Amino acid sequence: IMDICALPSLSEGFSNALLEYMAAGKPIVATAVGGNVDVIEHEKNGLLVPPKDPKALAEAIIRLLQDKDFAQQLAKNARKTVEERFDMKKQIREFEEFLEGLVVGNGLQSTDHSPQSSAHSPLSTHRPIKVMHFISSSGLFGAEKAMLNIASHMNRNGIVSWIVGLDNAHNSHLEVVKQAEKENIPTHIIQSRGKFDVRSIACLRNFIKANKINLVHAHNYKANMLGFLVTRGLGVPVVATAHGYTVRDKKLKIYGAIDRFILRFFDTVVVVDEGQKKVFGDRAANLAVINNGVPQPTVNSLRMSREQLGIGEHEIVIGSVGRLSLEKGFRYLIEAFSQLRSPNCRLLIVG
């Protein structure tokens with residue numbers, strides 16, 4: 001539905017929405033924060049503007065509206081960037097090879113190279129590798145979707161991937177577990193009565209032993225802490241994916257610092273692009289770079305969708321997708337849109 005896509009974030013780790021804009025072949029305006037600057041090359045596959053600057057945002061959008069050939073070239077280059085660097089098939093293949101090396105390297109699995117092995121997976125084994133993806137979630141956002149994509153594809157390729165969610169009594173969010181169930185991914189829920197519940201550790205250790213888990217893959221702050229503790233003495237490798245850090249307040253800065261300290265003791269930490277390595281400074285010994293990937297988009301009936309939203313056939317839609325929270329910077333996009341003063345443009349925010 002969108003003609004121009006905007007990402008007005010004040011801070012970003014690594015934006016899956018940005019990759020989805022690019023995969024859809026759209027001209028993009030994004031703020032020069034976080035991982036955005038590692039993906040967008042200014043004036044080649046998108047435009048970069050300072051955060052909290054509605055005037056610069058408006059000027060960039062106007063430039064795309066006025067120079068359609070330039071906008072189309074940016075969109076074409078954006079799509080090419082995704083195909084070359086951020087294709088999901090490439091991401092899954094690299095993850096599978098990474099896990100095989102880690103699990104087999106720890107002597108936990110023997111690889112079957114017989115002719116009967118599947119031609120579609122590098123991980124054809126006598127016994128399937130079993131991975132526990134573990135997360136303490138607050139909703140179904142970018143990190144959760146990335147984790148689900150990895151688990152879903154790996155299950156189809158013969159790796160048994162579980163989604164294990166922590167059900168925090170003070171702030172229960174099990175959306176990611178429910179979505180995993182819809183996608184036929186094996187799931188399990190661990191109860192937690194507080195910020196640190198010793199019983200959660202015991203339950204996780206029992207789950208790992210009962211299901212013969214070969215590797216624990218943690219995906220955020222609390223999951224990283226518990227993942228480190230539960231694997232002590234079990235002989236099970238523990239890895240984490242650093243999906244990116246946001247710095248919207250002092251509390252998150254402290255969480256990020258503690259998290260990076262804990263991750264020093266993990267077998268490997270996966271970062272989602274080269275730029276994220278800078279966050280860890282000189283502690284690069286246990287880092288592996290595996291770029292995020294997005295599936296190629298499917299196109300539904302655009303006319304019906306526009307009609308449902310009351311958008312005219314010849315109107316230009318400037319759109320943005322993201323979590324409805326302050327650090328996503330939607331207020332600055334709204335202010336920028338008010339400066340366009342074009343009766344032919346509509347602003348669409350999806351969150």
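What this report covers is the structure whose coordinates are included nearby. Computed from a prediction, not measured in an experiment: that's the story for all the values here. (Residues numbered from 1 in each chain as written. Predicted model: local features only at pLDDT ≥ 70, side-chain atom pairs only at ≥ 80, totals over all residues. Heavy atoms only, no water.)

What to know about the overall build of the protein
Then step 1. Regarding its fold elements, the protein presents twelve helices and twelve strands.
Then step 2. Across the 351 residues that make up the protein, the buried fraction comes to 49%.
Then step 3. Residue pairs at least 24 apart in sequence account for 65% of intrachain contacts in the protein once pairs closer than 6 positions are excluded.
Then step 4. Working note: accessible area of the protein is about 17100 Å², and carbon and sulfur atoms make up 52% of it. (Helix = DSSP H or I, 4+ residues; strand = E, 2+ residues; numbered from the N terminus. Buried < 20%, exposed > 50% of the residue type's maximum accessible area, 1.4 Å probe, protein only. Contact = heavy atoms within 4.5 Å. Areas by Shrake-Rupley, 256 points an atom, 1.4 Å probe, with all protein chains shown as cover.)

Regarding the packing of helix H3 (residues 54-66) against helix H12 (residues 330-338)
Two numbers describe a pair of packed helices, the interaxial angle and the distance between the axes.
Then step 1. For the pair H3 and H12, the least separation of the axes is 8 Å and the interaxial angle reads 60 degrees. Regarding the angle of H3 to H12, the classification is oblique. Relative to H12, the crossing made by H3 is right-handed. Residues Pro 54, Leu 57, Ala 58 and Ile 61 of H3 pack against Tyr 332, Leu 333, Glu 335 and Ala 336 of H12.
Then step 2. Class assignment of the residues belonging to the contact of H3 with H12 gives a composition of seven nonpolar, no polar and one charged. (Axes fitted to C-alpha atoms, helices over the stretch in contact; angles between N-to-C directions. Parallel < 35°, antiparallel > 145°, perpendicular 65-115°, else oblique. Left-handed = near helix turned anticlockwise from the far one by under 90°. Nonpolar A, V, L, I, M, F, W, Y, C, P; charged D, E, K, R; others polar.)

Quick notes on the packing of aromatic side chains
Then step 1. If you walk through the whole model with that rule in mind, you get seven aromatic pairs.
Then step 2. Centre to centre, the rings of Phe 228 and Phe 266 are 6.4 Å apart; their planes meet at 15 degrees, and the pair counts as stacked. Of this pair, Phe 228 sits in helix H9 (residues 221-230) while Phe 266 sits in the loop between helix H10 (250-262) and strand S9 (268-271), placing them 38 residues apart in sequence.
Then step 3. Here Phe 228 falls in the buried class, since its relative accessible area comes to 18%.
Then step 4. Take Phe 266: its relative accessible area is 4%, and that puts it in the buried class.
Then step 5. Between Phe 261 and Phe 265, the aromatic rings sit 5.5 Å apart at their centres with planes inclined by 75 degrees, giving edge-to-face as the arrangement.
Then step 6. For Phe 261, a relative accessible area of 45% puts it in the partly exposed group. (Phe/Tyr/Trp six-rings, centres within 6.5 Å; stacked < 30°, edge-to-face > 60°.)

Overview of the pattern of salt bridges
Then step 1. Inspection of the entire model under this criterion finds nine salt bridges.
Then step 2. Residue Asp 3 is joined to Arg 306 by a salt bridge in which the shortest nitrogen-to-oxygen separation is 3.2 Å. With Asp 3 in the segment before strand S1 (4-7) and Arg 306 in helix H11 (residues 302-308), the pair connects residues that are 303 residues apart, well separated along the chain.
Then step 3. Residue class for Asp 3 comes out partly exposed when judged on its relative accessible area of 30%.
Then step 4. With a relative accessible area of 13%, Arg 306 lands in the buried category.
Then step 5. With its nearest N and O atoms 3.0 Å apart, the salt bridge here joins Arg 331 to Glu 335. (Salt bridge = Lys/Arg side-chain N within 4 Å of Asp/Glu carboxyl O.)

So, the sheet that holds strand S12 (residues 345-350)
Then step 1. Across the sheet, which stays open at both edges, the five strands sit in the order S3-S2-S1-S11-S12 with parallel pairing between neighbours. The open sheet has two edge strands with one neighbour each: strand S3 (47-49) and S12. The mean inter-strand angle of the sheet, taken between neighbouring strand axes irrespective of direction, is 20 degrees.
Then step 2. Taken together, the six bridges between strand S11 (residues 316-321) and S12 define a ladder with parallel strand orientation. When the bridges of S12 are listed, Val 317 appears paired with Arg 346.
Then step 3. On the sheet, H3 packs against S1, strand S2 (28-31), S3, S11 and S12 and is oriented at approximately 160 degrees with respect to S3. (Pairing = 2+ DSSP bridges.)

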